[in-house]
Every structure is written in structure tokens, then in C-alpha cells.
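What follows is the residue order along each chain.
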Amino acid sequence: MGELIYTFASIASRHNQGETCIHGMRLLAETLHPLGVKITWIMSPESARLAAREVTEWHNAHGDDVAVAQPGLSLNTGDHTGSLEEKIARFAKVKEGVHQALPWADLTIAAGHTDPDIVRVCDALGFEGLWGFCWEQTEVDDITDRGCPWGFYFMDPADRLRPAQGKSVVAMEWTARDLLNSFHSGNPCLYSSDPNDVARGGLCSWEQIDYYKGLADNYLRNTRYNDQVFLLQHQEAHEMERHEGWLCYTEEDIRESAVILREFVKHLQPHARMLSLADAARAYRSRNMHTASSYMLWDYIPHPRPNPSYAWNLCPGPWPRTFLYYDRGAQMIFVDGQVQPVCIRNYQRAWDDLRFYAEPVIPRARLLSNTQFTWSREIEISVDSPCAMPYGCTLWGDYSLYQIVDTPGLIEGKILPHELLFLRFDLRPGQNRFHVRLQGK
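Residues numbered from 1 in each chain as written. Predicted model: local features only at pLDDT ≥ 70, side-chain atom pairs only at ≥ 80, totals over all residues. Heavy atoms only, no water.

K.L.:
Help me understand the overall build of the protein chain in this model?
P.N.:
Along the backbone of the protein chain there are 10 helices and 23 strands. Here the C-alpha radius of gyration of the protein chain, 22 Å, is about what a compact globule of 441 residues would show, namely 22 Å. C-alpha extents for the protein chain along the principal axes are approximately 75 × 50 × 40 Å. Evaluated residue by residue, the protein chain yields a buried proportion of 58% over its 441 residues. Approximately 17,500 Å² of the protein chain is accessible, and the part contributed by carbon and sulfur atoms is 47%. (Helix = DSSP H or I, 4+ residues; strand = E, 2+ residues; numbered from the N terminus. Rg over C-alpha atoms; globule rule 2.2 N^0.38 Å. Buried < 20%, exposed > 50% of the residue type's maximum accessible area, 1.4 Å probe, protein only. Areas by Shrake-Rupley, 256 points an atom, 1.4 Å probe, with all protein chains shown as cover.)

Below, the structure written as C-alpha cells:
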């Protein structure tokens, strides 16, 4: 059994006429600190200076930490102008400004991830993690991250959205998503752990958070199949207060968000380890020498029909049970009962905003033989491929009495007891045959 690691981050970088969003920060602190949450405040030099007393107190009493907002951070984009050297110098100045305000802070986490040079910038400045990635998202908040993995991964310096082959800066999600609904609906911004998203979409309200409990339970259940499962949650501090510089929500909306957050964390608290972003990045780096493979079996979560004013032109499901996987070379998604994936994101492909690494043609797997002996089993599968590509097969059913042995060409395989057998291969152009041998335990 692996562990569920929960982190909470809050953009608290805004300032206006000598004021920062301190009232929203206090409300988040009052809501989450009693539940053991260590908040990571994403700050600018100005907001760090204005909130230094409170953040220092929360650090000493509750383990809160600080991340550095990229220069010019607006939502999650930032200032991308200039050469690499200029970007490094600009970010270094911001990091130094935050450190002067909060000299106790290690400042190993950066925020503002959409610059193509950002991995090299972070590496030059000693950042271990980069927060803000949005799985399956396109265009919202000027962010298009579709194609990247969920959770954590080591970023390729040449392409921030795909895993590196070795160790690098850790990519960290903005806010965790309902993987099944996000993929099938095409609207990951509705099915997120941001309380405003589910409140505006009509999925949760006040203490009525059955949908959120289902989201937490899916993450928790997948600790069976992974050493670490990361559930990242976020709420902007300026969205938790009424201020003339940032009038986002009404007082009632703000109170509702606080209640939704409190009830969600109360449901999660007995089962999760609460870490700051910096400690979560260290936990990932200490366990993995390269991006860890992720296995996520996801059940559909029943929910009210979404509010069409927020989720217009959306098919709400229900969708079939879905298995999702990624490693350093690919990301794959399978629906219940189907052997071949419905989506393959090939990280050897160049990213573009049409395919998002996806293979345009996914070949169908054919069963040639499935022979069961007294206490072993042999399965032969054929795949006729138009080109070389990463590939996987998911055989749905109970394979819990077996273990995988003697499978030539197998890159990775895993049995999810009572659920499925997953096999990861690479395909050559033309016909590929795979002989899988299972031995009874």
C-alpha cells in the first residue's frame, strides 16, 4: 500500500496600494490549519513583505511554506520576454526579494510554468519543483497543458510538458482533477479540486460534497497500485476576500468555498500525509531516479447535472470505468472492457496544439490464443501497427492468482488484483506478436 500525499497551495502574490490579500489568507489559515494542512503561499516580494508577520507565525506554528511567483505572474503565465539569461536574472531578483522579506524560507518551489525556458530557469536558480500544471487543460487562464502527465513528473528541459529520461525539476499540478470526467468530457476545469469550480458548476455546495468525497476516494484507492499518489489542491487567497483591487466573488461565495474546503479536508485527513509543496517535491525526488510510472483506475463519480451557465455544451456522462497510465515514454488511457487504449500520448512526438502528442491511429489488439493450464496461463496477442509507437494492452478481469513471467518485449507489466492485467510494449511497424505467460502464485 502506498501513501496519499496531500498539498495545499494558495496564490497570494497580489498587492494593490500597499495592501495584499491578507484577509483571504487569514480565512484560509483559519479553515485549514486546525485540520493539519501546511499551506504553501505563492508570493511576490511585495506580498511577502506585506504579509511577513502572519506567514512567519504560520510557518512556526503550522509548518506553512513559501513558493516564488514568476515575475509578472498573471493567473499562471508570467513574463516570457527576453533571453534565457535575462529571464534568469529577472526571476533571481524576485526570489531574492521574497527571501529578504522572509529570510527563513528555503524557496525551492517556483510558480509560473508556461515559459518554454522555465525548466532551465528553475535549474539555474536552484528550484527543485515547479507548480502550476493543468492536466488536459486547453486555453483556460491562457494555459494549454494538454498532453502532460497528472501528479508529479521530472520535466524534460527541452519540453516542459513531457517527462525527462532522468532526474530534473519536478512538475507539480495546479490542482488535482477527476481524471475520468476530465478526460471524457474534455472539461477538466469543471472537474477539479478548486472549490470555486465545483461550486459554480453545481457539483458541490456548502456541506453537500458527495462529489468531492468520491474524488478523494478515487485518489485514495489508487494508493494500492502506486508508492505515492499526490493530491494537490489550490485556492487563490484573493478569491477568499472582498477587496476593491480584486472583486472576484461575493461574501456568500467566499463562505461557501471555506465550508467546501473544510469538509473536503475533513474527509481526506485520516488517510493522507499533509505536506508543503517543498516537502512533497523532496519526497518524490528521494524515492525516484526518474519519472515514476503511474497507474490510476478510476470509477465514475455520480454528480448533479452541471450548471449550463458554467459548463455549456458539456456531456456529463456517465462514463465507463477508466484506467490511466503514464511513464517516461507515453501516457495511455483505457476504457472498461477494451484491450487497446483510446488515447496514446507518445512523448517521442513533438508537441503541438492539434494532437498534444497523441497518436492519430491506434492499432487494434487481436487475441490469437488464451490457454489456461492447471496453474499457469499463456496469452498471445497480435497488433498490426502503421508505425513505431509506445503501446499497451489492458486485459480486464481477475488475474490476482497469477504473476507475470517470461514475456519477451515487455517493458512494464502490472496486475491490479481483481481488476485487470496491464502490459506495456513498444510496437514496430507491421505485425507485432506478444506471448504473455502467467504463473500461478
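Having put the structure on the table, let's press on.
K.L.:
Looking at this structure, I do not really get the nonpolar core. What am I missing?
P.N.:
Inside soluble globular proteins, nonpolar side chains tend to come together where they are buried. Membership of the largest hydrophobic core comes to 86 residues, with the highest contact counts inside it found for Tyr6, Met25, Trp41, Tyr219 and Phe264. Counting residues per element, this core draws most heavily on helix H9 (residues 251-268), which supplies seven residues. Apart from residues no more than four positions distant in its own chain, methionine 25 is found in contact with Ala12, Trp41, Met43, Ala51, Val55, Trp58 and Ala237. Core analysis: the next-biggest nonpolar cluster, separate from the first, contains 31 residues, Ile344, Ile379, Leu395 and Val436 among them. (Core = buried A, V, L, I, M, F, W, Y, C linked by side-chain atoms within 4.5 Å. Contact = heavy atoms within 4.5 Å.)

K.L.:
Would you mind going over the environment of leucine 277 with me for this structure?
P.N.:
Relative to the elements of secondary structure, leucine 277 occurs in helix H10 (residues 277-287). Looking at leucine 277, the relative accessible area reads 0%, which means it is buried. Residues leucine 277 and aspartate 65, spaced 212 residues apart in sequence, show a C-alpha to C-alpha distance of 7.9 Å. In this structure, leucine 277 is in contact with Thr7, Ala9, Thr40, Ile109, Trp131, Met172 and Leu232, ignoring residues within four places of it in sequence.

K.L.:
Even after reading the chapter, I still don't get the side chain of glutamine 228, so can you show me in this structure?
P.N.:
Within the secondary structure layout, glutamine 228 lies in strand E11 (residues 228-234). According to the relative accessible area criterion, glutamine 228 is buried, its value standing at 13%. In this view, glutamine 228 contacts Glu3, Ile5, Ala283, Tyr284, Arg287 and Asn288; residues no more than four positions away in its chain are not counted.

K.L.:
Quick question: what am I supposed to make of the environment of leucine 190 here?
P.N.:
Among the structural elements, leucine 190 can be located in the loop between helix H6 (179-185) and helix H7 (195-200). Separated by 103 residues in the primary sequence, leucine 190 and lysine 87 place their C-alpha atoms 33 Å from one another. Here leucine 190 is in contact with Asp197, Val198, Gly201, Leu203, Pro306, Tyr310, Ala311 and Leu314, once residues within four sequence places are set aside.

K.L.:
What's the story with the layout of surface pockets in this structure? I'm lost.
P.N.:
Over the atoms, a rolling probe the size of a water molecule traces out where space has been left empty. In this structure, the second largest pocket occupies an estimated 300 Å³ of space. As for the second largest pocket, its lining consists of 20 residues, and the residues nearest its centre are Asn226, Asp227, Gln228, Ala292 and Ser293. Within the residue set of the lining of the second largest pocket, elements represented by two or more residues are E11, H10 and strand E13 (294-298). In terms of residues, the lining of the second largest pocket owes the most to one element, E11, which gives three residues. (1 Å grid on protein atoms, 1.4 Å probe; cavity = no way out; pocket = protein on both sides within 12 Å on 5 of 7 lines; lining within 4 Å. Points joined across faces, edges and corners; volume = space filled by probe spheres on them.)

K.L.:
Just to check I follow, could you spell out the pairing of E13 for this structure?
P.N.:
Working note: regular strand, side chains alternate between the two faces of the sheet. Counting buried positions along E13 gives five out of five residues, so the element sits mostly inside the fold. Where burial is concerned, the two faces of E13 agree: the one with Ser294, Met296 and Trp298 and the one with Tyr295 and Leu297 are both buried. Here E13 runs beside strand E14 (residues 322-326); their pairing, made up of five bridges, is antiparallel. Bridge pairing in E14 links leucine 297 to phenylalanine 323. (Pairing = 2+ DSSP bridges.)

K.L.:
How should I be thinking about helix H3 (residues 52-62) in this particular structure?
P.N.:
Counting along an α-helix, one turn takes 3.6 residues, and residues three or four places apart therefore face a common direction. Those residues of H3 that sit buried are Ala52, Glu54, Val55 and Trp58. For H3, the secondary structure elements touched by its buried residues are helix H1 (22-32), strand E4 (39-43), helix H2 (45-50), strand E5 (65-69) and helix H4 (84-101).

K.L.:
In this structure, what is going on with unusual backbone geometry? I would like to understand it.
P.N.:
Both trends apply: most residues other than glycine have a negative phi, and most peptide bonds are in trans. With an omega of 10°, the peptide bond between glycine 317 and proline 318 qualifies as cis. The topology assignment puts proline 318 in the loop between E13 and E14. Unusually for a residue other than glycine, glutamate 136 sits at a positive phi of about 65°. Position of glutamate 136 relative to the elements: it lies in the loop between strand E7 (129-133) and strand E8 (152-156).

K.L.:
Got a minute to help me understand the packing of aromatic side chains in this structure?
P.N.:
Between two aromatic rings, the relevant description is the distance of the centres plus the angle of the planes. For the structure on display, the rule yields 24 aromatic pairs. Taken together, a centroid distance of 5.0 Å and an interplanar angle of 80° make the contact between tyrosine 347 and tyrosine 357 edge-to-face. Highlighted residues: tyrosine 347 in the loop between strand E16 (343-346) and strand E17 (365-372) and tyrosine 357 in the loop between E16 and E17, separated in sequence by 10 residues. Here tyrosine 347 matches tyrosine 357 in class, with each residue buried. Between the aromatic rings of tryptophan 351 and phenylalanine 356, the centroid separation amounts to 5.8 Å while the plane-to-plane angle is 65°, which identifies the pairing as edge-to-face. Members of the aromatic cluster, connected to one another through ring pairs, are Tyr295, Phe323, Tyr325, Phe334 and Phe422. Over the ring of phenylalanine 356 we find arginine 146, and its NZ or CZ is 5.5 Å from the ring centre. (Phe/Tyr/Trp six-rings, centres within 6.5 Å; stacked < 30°, edge-to-face > 60°. Lys NZ or Arg CZ within 6 Å of the ring centre and 35° of its normal.)

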